[in-house]
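Remarks on the overall topology
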Amino acid sequence: MADQTHVLFVEDDDVIREATQLALERDGFAVTAMPDGLSGLEAFRARRPDIALLDVMVPGLDGVSLCRRIRDESTVPVIMLSARADSIDVVLGLEAGADDYVTKPFDGAVLVARIRAVLRRFGHAGGDRGEEGAAGADGVLTFGDLEVDTEGMEVRRAGRPVGLTPTEMRLLLEFSSAPGTVLSRDKLLERVWDYGWGGDTRVVDVHVQRLRAKIGQDRIETVRGFGYKLKA
């Protein structure tokens, strides 16, 4: 169906690939399943999916490298799948541009919940800001040489556009809505990643590192033992 959410799923284990594809299709997703990274990249380019699920250890082009290739071309959400919860797997995937990760073996309901959570925040990167923030009449927040357009969903640094993924944009919006206020990792997981359950705070840490690299290393301050805050 044209209105179905299209999932690109790259997994080399035949049993996991087929079982997961069937489970996702039962939940209403349209799935393109590929057994290796090179065929996954071709499928991504042939029919741009709404979200990509990439196993870390796939032949030809591993999942981390595939994520980098996708991120070079698109801001489509990416969830990494790993058989291990090792820090190196998690961090490499997130640093490559992934938005979240799920450890195998995973429960089908948990995977679907993660997918839907990612899609919700990508569907409205700004979220409902309510009366938070101190944007001017044009919706632009200014922090030194950093400008955050909360209506146009654009960021400029020293007048130059800054390219952010939707997850990075949501993270920056949370910080900019309360400059100088310390936000805990758990609170950021809840607000940005839409986690209604405990999550891995490494997701937050790596995304903060990526955001700092784009808007300035000293713009977001670490408050040891508590979390992060945007310097006003």
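Model, not experiment: these values are computed from the prediction. (Residues numbered from 1 in each chain as written. Predicted model: local features only at pLDDT ≥ 70, side-chain atom pairs only at ≥ 80, totals over all residues. Heavy atoms only, no water.)

**Some points on the packing of helix 2 (residues 37–46) against helix 3 (residues 63–73)**
The N-to-C vectors of helix 2 and helix 3 enclose an angle of 20°; their axes lie 10 Å apart at closest approach. On the basis of the axis angle, helix 2 is roughly parallel to helix 3. Once helix 2 is placed against helix 3, the crossing between them reads as right-handed. The segment helix 2 lies against helix 3, with Gly37, Leu41, Phe44 and Arg45 engaging Leu66, Arg69, Ile70 and Glu73. (Axes fitted to C-alpha atoms, helices over the stretch in contact; angles between N-to-C directions. Helix = DSSP H or I, 4+ residues; strand = E, 2+ residues; numbered from the N terminus. Parallel < 35°, antiparallel > 145°, perpendicular 65-115°, else oblique. Left-handed = near helix turned anticlockwise from the far one by under 90°. Contact = heavy atoms within 4.5 Å.)

**Quick look at the pattern of salt bridges**
As enumerated under the stated definition, the model contains 17 salt bridges in all. The closest approach of N and O atoms between Arg48 and Glu73, which form a salt bridge, is 3.5 Å. In this pair, Arg48 is assigned in the loop between helix 2 and strand 3 (51–55) and Glu73 in helix 3, connecting sequence segments 25 residues apart. For Arg48, a relative accessible area of 46% translates into the label partly exposed. (Salt bridge = Lys/Arg side-chain N within 4 Å of Asp/Glu carboxyl O. Buried < 20%, exposed > 50% of the residue type's maximum accessible area, 1.4 Å probe, protein only.)

**Description of the side chain of Glu168**
Mapped onto the secondary structure, Glu168 falls in helix 6 (residues 166–177). Relative accessible area serves as the criterion here: at 1%, Glu168 is assigned to the buried category. Polar side-chain contacts of Glu168 include one of 2.9 Å to the side chain of Arg210. With residues up to four places along the chain from it excluded, the contact list for Glu168 reads Gly163, His207, Arg210, Leu211 and Lys214. (Polar contact = N/O pair within 3.5 Å; in protein donor to acceptor, adjacent residues only side chain to side chain.)

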